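An overview of the molecular structure
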Amino acid sequence: MEGTNPVNKKLAVALSGGAVLVLALSGCSGDDSNEKLDAWAKQVCDAVQPQAKKIAAANSAIQKETSDSSTPEEVQTTDAQAFQDMSDAYKAIGAAVNKAGAPDVENGEKKQQDAVKELNGIASSYASLKKQVDDLDTKDQAKFADGLKDIATELDKLSQSGSDALTALEEGEVGQAMARQETCKSATSTPSATQG
């Protein structure tokens, strides 16, 4: 039965939307250097890069598991691991932003705290999606497909909501400082291949 395939594709599409969140951490290029801010951006970007790779790899794993030949068990194992990895990655990015302290800009502390809260929230959402995948009934194809559909819907919501605090964090000088960091540039270049 090929019941899971279209749903799985939907899951992959929804997931690539969610992965975009961390890729927002590129900002746009600017030249006005601020040493304090650059040091802050370097610390965050260096921590983000391996996590962005982890998220991209989890995204790819789910997309690979969208073939007709994948069994529900295979899909469940892959998706659960991917959601766990993404949860860990967002948590690690939140910890990195927290550790870096407030960026040296107006309202820096509020921006930093909001971003940490949001990143931790995203991590929790992926953790609960992992639990949902773990609880799916792989013996019943129709039920399994329905369960995946619900998870894809949750992912859609997750990818659309919640990048506000990150966007706020990266406005103006902070975004420019981050864009100057090699690690932020490379963190954004790889996963673009998963779009579309």
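Okay, so let's go over this structure. (Residues numbered from 1 in each chain as written. Predicted model: local features only at pLDDT ≥ 70, side-chain atom pairs only at ≥ 80, totals over all residues. Heavy atoms only, no water.)

It is worth spelling out the state of the cysteines at this point. Applying the stated rule across the entire model yields one disulfide. Across the disulfide, Cys45 is cross-linked to Cys184 (sulfur-sulfur distance 2.0 Å). In this structure, the disulfide formed by Cys45 and Cys184 twists by about -85 degrees around the S-S bond and is classed as left-handed. Here the residue Cys45 occupies a position in helix H2 (residues 35-64), and Cys184 occupies one in helix H8 (residues 182-189), the gap between them amounting to 139 residues. The exposure class of Cys45 is buried, given its relative accessible area of 0%. On the basis of relative accessible area, Cys184 is assigned to the buried category, the value being 1%. (Disulfide = S-S within 2.5 Å. Helix = DSSP H or I, 4+ residues; strand = E, 2+ residues; numbered from the N terminus. Buried < 20%, exposed > 50% of the residue type's maximum accessible area, 1.4 Å probe, protein only.)

A separate point is the nonpolar core. Trp40, Phe83, Tyr126 and Met178 are the most contacted members of the largest nonpolar core, which has 41 residues in total. Among the secondary structure elements, those contributing two or more residues to this core are H2, helix H3 (72-100), helix H4 (108-134), helix H5 (141-160), helix H6 (164-169) and helix H7 (172-179). The residues touching Trp40, leaving out its near neighbours within four places in the chain, are Ala100, Gly101, Ala102, Pro103, Leu169, Val174 and Met178. (Core = buried A, V, L, I, M, F, W, Y, C linked by side-chain atoms within 4.5 Å. Contact = heavy atoms within 4.5 Å.)

Here the focus is the pattern of salt bridges. The tally for this structure, following the rule as stated, stands at eight salt bridges. A salt bridge links Lys111 to Glu171; the nearest nitrogen and oxygen atoms lie 3.8 Å apart. Of this pair, Lys111 sits in helix H4 while Glu171 sits in the loop between H6 and H7; the two residues are 60 residues apart in sequence, bridging distant segments of the chain. Close ionic contact of Glu154 with Lys157 constitutes a salt bridge, the shortest N to O distance being 3.6 Å. Here Glu154 pairs with Lys157, and both are found in helix H5, just three residues apart, close to one helical turn. Among the residues examined, Glu154 registers a relative accessible area of 36% and is labelled partly exposed. A relative accessible area of 49% means that Lys157 is categorised as partly exposed. (Salt bridge = Lys/Arg side-chain N within 4 Å of Asp/Glu carboxyl O.)

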